[in-house]
Amino acid sequence: MRRVEGDVGGLNVRAMLGGMFGWMVDVFDLTLVLFIASVLGEYFFPPTNLIARLLFVFASYSLTLLARPLGGIIFGHVADRIGRRLTMMVTLLGLGISSALTGALPTYQEVGLLATALFVLLRLIVGVFVGGEVSGSHLVAIESSSPRFRGLVSGVIESGYYWGYALAALTFALLRDYFGPRVFVSFGWRYAFLVGLVIALVGILLRLTVDEPSIYREVKTAGKIPRVPIASLFREKPLDVLVVLVLLAGIFWVAYATLGFLPTYLGTFLKIPMPMVFWGLTYAALIGGVITIVGGVLSNYLKRKYSFLYYSLIGIIIAYPLAVALRGGYVPMVISAGILTSVVGTGGVMLAYLAELFPTRYRGSAIGFLWNMASIGATGALLTAPLWLKSLGLLIGYTTMLIAGFIIAIIGAAITRDNTGVELRKLDETA
């Protein structure tokens, strides 16, 4: 099949959609693990109480996040030194396969601690491929689209998080309804992980027709790619590295306090019936996806720096009423969860913001490393969530946890540089 650039008026549509599907697989797997955390805790960890089993699963989930920087370093290096296209093909295929294998693992009841070890190992492998995904397809889409579409591309790709989240919730709800709660808990949950592989194959088909961005080919042909790109990043941009880590850590904190923790918060702590929770989160994720695209588009006009500031301030203001609305019935819960899971639009800005900070010669390594290192901030929200709720109460504890993340994001946004709409070739010349 002939590979084409895919640009339509400065917009690489195939790369943009391919990147969106990559993010769908990413969040589908990660979210599915949290949706069925109690089931996984029962089948892959030693017998204990519910809270301990949940903490075991959250800890293994955190290992996935901790493995992401390794994937970012490995595949960021590959993306810079060898090519973006190879990176985006390998990472998506690896992610789809390793996710699907989770549904085929033996249980603790069958093989004892070997099941625990295999589950944790697969979570680590998933983390490596997830960490590498941001260094491939996302860069191809951003680098081969014009500045006027950069916010749109960023928002559409990141909206894949919400479509994947909606698909995970829908998959859970449909399989649970089809098998019934007892059979689903027994073995029906295994089929859910196969859906991620199907999404990955669709994404790979889209990516087959996408070529390397011309700006990357020019830099590589000119021999400007350093031998160790990440070393050049730390040597030339140490301050930007620190600022980006602070900003993204705050955003990821809020993202996982919502996307990651909401199923447990609504079902386990607020005692909302699980069918209502997962059907509600399906619709909520659709709202979040739309808000993310709008947030990305608006960032072209508000500027990336100020978009982060404005969206985070709005998040602080509405955190409490949204937390109250989660307990106000089905429709208020859906709307509130939709707004919360979008992180009030900040997600749609991140890819464009990062691409405009770093030159092409180590952009893959920069984004791969920084994106995934900052995601470790998400583990803070997940692992401390029960403590916030226990010490401050369900409503105030959850609200305070959200506000803490927004404050961290505001600090990072306040001190970052703004390069909205910069020509990437000009950035290469001046960097």
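Placed above this text is the structure.
Throughout what follows, the structure given in this document is the object of discussion. Computed from a prediction, not measured in an experiment: that's the story for all the values here. (Residues numbered from 1 in each chain as written. Predicted model: local features only at pLDDT ≥ 70, side-chain atom pairs only at ≥ 80, totals over all residues. Heavy atoms only, no water.)

### So, the overall build of the protein chain
Piece 1. Per the secondary structure count, the protein chain includes 22 helices and zero strands.
Piece 2. Against the 2.2 N^0.38 benchmark of 22 Å for 431 residues, the protein chain shows a C-alpha radius of gyration of 20 Å, consistent with a compact globule.
Piece 3. Over its C-alpha atoms, taken along the principal directions, the protein chain stretches across nearly 60 × 45 × 35 Å.
Piece 4. The proportion of buried residues among the 431 residues of the protein chain is 62%.
Piece 5. Sequence-distant contacts, at least 24 apart, represent 86% of the contacts inside the protein chain between residues at least 6 apart. (Helix = DSSP H or I, 4+ residues; strand = E, 2+ residues; numbered from the N terminus. Rg over C-alpha atoms; globule rule 2.2 N^0.38 Å. Buried < 20%, exposed > 50% of the residue type's maximum accessible area, 1.4 Å probe, protein only. Contact = heavy atoms within 4.5 Å.)

### Some remarks on the packing of helix 16 (residues 304-325) against helix 21 (residues 394-415)
Piece 1. In the contact formed by helix 16 and helix 21, the axes pass within 9 Å of each other and the chain directions differ by 175 degrees. Between helix 16 and helix 21, the crossing angle belongs to the class labelled roughly antiparallel.
Piece 2. Residues that form the contact of helix 16 with helix 21 fall into these classes: 20 nonpolar, three polar and one charged. (Axes fitted to C-alpha atoms, helices over the stretch in contact; angles between N-to-C directions. Parallel < 35°, antiparallel > 145°, perpendicular 65-115°, else oblique. Nonpolar A, V, L, I, M, F, W, Y, C, P; charged D, E, K, R; others polar.)

### Some remarks on helix 2 (residues 37-44)
Piece 1. Buried residues dominate helix 2, accounting for six of its eight residues.
Piece 2. Taken residue by residue, helix 2 has Ala37, Val39, Leu40, Gly41, Tyr43 and Phe44 as its buried positions.

### Examining the pattern of salt bridges
One side chain can pair with another of opposite charge once the charged atoms of both are near each other.
Piece 1. Using the criterion set out here, one finds 11 salt bridges in the structure.
Piece 2. Residue aspartate 29 is joined to arginine 123 by a salt bridge in which the shortest nitrogen-to-oxygen separation is 2.8 Å. Taken as a pair, aspartate 29 in helix 1 (residues 13-35) and arginine 123 in helix 6 (residues 113-133) lie far apart in primary sequence, 94 residues in all. For the pair shown, aspartate 29 and arginine 123 are each scored as buried.
Piece 3. Between glutamate 356 and arginine 150 there is a salt bridge, with the nearest N and O atoms lying 3.0 Å from each other. With glutamate 356 in the loop between helix 18 (350-355) and helix 19 (363-374) and arginine 150 in helix 8 (residues 150-179), the pair connects residues that are 206 residues apart, well separated along the chain. No difference in accessibility class separates glutamate 356 from arginine 150, as the two residues are buried.
Piece 4. Sharing partners across several salt bridges, the network here consists of Asp80, Arg84, Glu143 and Arg363. (Salt bridge = Lys/Arg side-chain N within 4 Å of Asp/Glu carboxyl O.)

### Details of unusual backbone geometry
Piece 1. Residues other than glycine seldom take positive phi values, yet lysine 271 does so here, at roughly 60 degrees.
Piece 2. Tracing the backbone shows lysine 271 in the loop between helix 14 (262-269) and helix 15 (274-302).
Piece 3. Classification of lysine 271 by relative accessible area gives exposed; the value is 65%.
Piece 4. One non-glycine residue, valine 344, adopts positive backbone phi at about 55 degrees.
Piece 5. Relative to the helices and strands, valine 344 is located in the loop between helix 17 (330-341) and helix 18.

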